[in-house]
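# Inside the fold
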Amino acid sequence: MASFKCADIGMACGFEVKGAKDAGEVMAIAAAHAKSSHGISSPPPDLVAKLQKAIKA
Ligand SMILES: [Zn+2]
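Residues numbered from 1 in each chain as written. Predicted model: local features only at pLDDT ≥ 70, side-chain atom pairs only at ≥ 80, totals over all residues.

### Regarding the overall build of the protein chain
- Check the secondary structure of the protein chain and you find 2 helices and 2 strands.
- For the protein chain, the succession of helices and strands along the chain, N to C, is β-β-α-α.
- Computed over its C-alpha atoms, the radius of gyration of the protein chain comes to 10 Å, within 12% of the 10 Å expected for a compact globule of 57 residues.
- Principal-axis analysis of the C-alpha atoms gives the protein chain an extent of 25 × 20 × 15 Å.
- Going through the 57 residues of the protein chain one by one, you find that 12% of them count as buried.
- Restricting to contacts in the protein chain with at least 6 residues of sequence separation, those with at least 24 account for 40%. (Helix = DSSP H or I, 4+ residues; strand = E, 2+ residues; numbered from the N terminus. Rg over C-alpha atoms; globule rule 2.2 N^0.38 Å. Buried ≥ 20, exposed ≤ 12 C-beta atoms within 10 Å, placed from the backbone. Contact = placed C-beta atoms within 7 Å.)

As structure tokens, then:
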């Protein structure tokens, strides 16, 4: 099970991913959230790196 909180990458946002099966699934869910809630359609590499570090697998 993998989890992620938007707040962990410095976003003022209460979004969390819980119970994803692996980091890849978290990334997919977080990417969809970033697009719909933060207007980030293609996250820059530094944001992706932060996100990967913030995922608790
Ligand atoms: Zn968010």
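### Thoughts on the nonpolar core
- Ranked by size, the top nonpolar core spans 6 residues in total: Phe4, Val26, Ala30, Ala34, Leu51 and Ile55.
- No other element matches helix H1 (residues 23-38), which puts 3 residues into this core.
- In contact with Leu51, not counting residues within four places along its chain, are Ile9, Met27 and Ala30. (Core = buried A, V, L, I, M, F, W, Y, C linked by C-beta atoms within 7 Å.)

### Focus on the environment of Cys6
- By secondary structure assignment, the location of Cys6 is in the loop between strand S1 (2-5) and strand S2 (16-20).
- C-alpha separation for the pair Cys6 and Leu51, spaced 45 residues apart in sequence, amounts to 8.5 Å.
- Setting aside anything within four residues of it in sequence, one finds Cys6 in contact with Met11, Cys13 and Phe15.

### Remarks on the environment of Asp8
- Mapped onto the secondary structure, Asp8 falls in the loop between S1 and S2.
- A tally of 15 C-beta atoms within 10 Å means that Asp8 is categorised as partly exposed.
- Once the C-alpha coordinates of Asp8 and Ala54 are considered, the two residues, 46 residues apart in sequence, prove to be 6.2 Å apart.

### Concerning H1
- What H1 keeps buried is the set Val26, Ala30 and Ala34. Buried residues along H1 cover an arc of 70° about the axis, so they all sit on one side. Of the exposed residues in H1, those oriented more than 90 degrees away from the buried face are Gly24, Ala28, Ala32 and Ser36.
- On the buried face of H1, the contacting elements are S1, S2 and helix H2 (45-54).
- With its phi angle positive at about 70°, Gly39 sits one or two positions after the end of H1. (Arc of directions from axis to C-beta.)

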